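A structural walkthrough
Each chain is listed here by its residues.
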Amino acid sequence: MKKILYYFLFLPIFLSAQINESDTLNLKANLSLTGFYQGGNVETLIFRAKSDLSFKPLKKWVFKTKNSYVYQEFGKKKADEDILSLNFLYFNPERKIYPLLLGFVSTNFRREINLRYLLGAGVTYQILNKKNNWLKLAISSEYEQTDFGKGNFNLSEYNGNKSLNTFRGTIWVNGKYHLFKKKVIVNHEFYFQPSLEQSNNFRWQADAGLELPIWEFLNFKINYLHTFESVVIENQKREDNILTFGFTLKSY
């Protein structure tokens, strides 16, 4: 499974921030590489790779895959390794409102998530859809199964079962904006996922980036990632924050 996720993550390298699936181009791809390193008395390494790929398999259909990999090391000891693959199939995305199918796969070393997958469907509403500026709101529902490495959780009612499953609803807010005559690019991805069956089982993620174009196919990027999960392995923290710096390569 990890080999498959790595393949989708780095696929855009061989082709060439966020991609607008409503764009008229048949193929778009980009790759962001950001990180942080500190040496000396305290050695710290944080690396994040994020790729977006969008193409049209049929005239009215658009497939988009968004993949990320996060690795953290403190004192030469691995602290985290996170793989996330988000895959969407859209129908008529040039319209104001259009349907979507989705499938997610992820793993997380620190949270001891061996495998998590979600399958679902939803609808997207385009609040703003300009060439250089867009904002979208989507609502979807998914079935989720998560396999943990342990069966003891911060919420005792989930203890004793390493595999948790539930139906979720998700609210998505994604946008991208070119400011100051395209000298600054701001993008954000936010989602909130409550369980439709357990009120204390929910999560959210906020991913924001600021890019400064260097030349046509290369941007300098600052990225901030915040994640929260209400149900975690016992004695783990619910929140994570990562600030990284690096570059974005793109094919358009």
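Structure shown above.
My aim in this report is to walk through the structure given alongside it, one point at a time. (Residues numbered from 1 in each chain as written. Predicted model: local features only at pLDDT ≥ 70, side-chain atom pairs only at ≥ 80, totals over all residues. Heavy atoms only, no water.)

Looking now at the overall build of the chain. A count of helical and extended segments in the chain gives 1 helix and 12 strands. In sequence order, the secondary structure elements of the chain are arranged as α-β-β-β-β-β-β-β-β-β-β-β-β. The burial tally for the chain puts 47% of its 252 residues in the buried class. Looking at the chain as shown, the accessible area adds up to about 12,900 Å², and 62% of this sits on carbon and sulfur atoms. (Helix = DSSP H or I, 4+ residues; strand = E, 2+ residues; numbered from the N terminus. Buried < 20%, exposed > 50% of the residue type's maximum accessible area, 1.4 Å probe, protein only. Areas by Shrake-Rupley, 256 points an atom, 1.4 Å probe, with all protein chains shown as cover.)

Turning our eyes to something else, we now look at the packing of aromatic side chains. For the structure on display, the rule yields 17 aromatic pairs. Taken together, a centroid distance of 5.5 Å and an interplanar angle of 55 degrees make the contact between Phe 55 and Phe 63 tilted. Phe 63 sits in the partly exposed class, given a relative accessible area of 22%. Their ring planes at 50 degrees and their centres at 5.2 Å tell us that Trp 172 and Tyr 191 sit as a pair that is tilted. Of this pair, Trp 172 sits in strand β8 (residues 163-179) while Tyr 191 sits in strand β9 (residues 184-194), and the two are 19 residues apart along the sequence. The exposure classification of Trp 172 matches that of Tyr 191, with both residues buried. (Phe/Tyr/Trp six-rings, centres within 6.5 Å; stacked < 30°, edge-to-face > 60°.)

For the rest of this paragraph, the subject is unusual backbone geometry. Residues apart from glycine generally show negative phi values, whereas peptide bonds are mostly found in trans. Phi angles above zero are rare outside glycine, and Phe 180 is one such case at about 50 degrees. Of note, Asn 235 is a non-glycine position whose phi angle comes to about 75 degrees, a positive value. For Asn 235, a relative accessible area of 78% gives the class exposed.

Now for a nonpolar patch on the surface. On the surface, Ile 97, Val 123, Tyr 125, Ile 127, Leu 137, Ile 139 and Ile 171 cluster together into a nonpolar patch covering about 580 Å² of accessible area. Those elements that place two or more of their residues in the nonpolar patch are β6 (113-129) and β7 (133-148). No other element matches the 3 residues that β6 contributes to the nonpolar patch. Looking at the element boundaries, Ile 171 is found in strand β8. For Ile 171, a relative accessible area of 40% puts it in the partly exposed group. (Patch = residues over 30% accessible without salt bridge, like charges linked within 9 Å, V, L, I, M, F, W, Y side chains within 5 Å. Salt bridge = Lys/Arg side-chain N within 4 Å of Asp/Glu carboxyl O.)

Let us look at the pairing of β8. Bridge count between β7 and β8: 15 bridges; the pairing is antiparallel. Among the inter-strand pairings, Ser 140 is bridged to a residue of β8, identified as Thr 170. Both β8 and β9 contribute to a ladder of 9 bridges, which runs antiparallel. Pairing of Val 173 across the sheet is with Phe 190, part of β9. (Pairing = 2+ DSSP bridges.)

Once that is clear, we can look at the sheet that holds β8. Spatial ordering of the closed barrel is given by β1-β2-β3-β4-β5-β6-β7-β8-β9-β10-β11-β12, a layout of 12 strands whose pairing is antiparallel. Averaged over all pairs of adjacent strands, the angle between strand axes in this sheet comes to 20 degrees, irrespective of strand direction. In this sheet, strand β12 (residues 239-250) lies alongside strand β1 (residues 27-38) in antiparallel orientation, the contact comprising 6 bridges. Across the sheet, residue Asn 30 finds its bridge partner in β12, namely Lys 250. (Axes fitted to C-alpha atoms, helices over the stretch in contact; angles between N-to-C directions.)

Here we take up the pattern of salt bridges. It is possible for side chains bearing opposite charge to pair when their charged atoms get close. A complete count under the given rule lists 13 salt bridges for this structure. Among the salt bridges present, the one from Arg 110 reaches Asp 240, with a minimum N-O distance of 2.4 Å. Taken together, the residues Arg 110 in the loop between β5 (97-108) and β6 and Asp 240 in strand β12 connect sequence positions 130 residues apart. Here Arg 110 falls in the partly exposed class, since its relative accessible area comes to 22%. Taking the shortest distance from any N to any O, the salt bridge between Arg 111 and Asp 240 comes out at 3.0 Å. A residue pair is termed long-range when its members are at least 10 positions apart, and Arg 111 in the loop between β5 and β6 and Asp 240 in strand β12 qualify at 129 residues.

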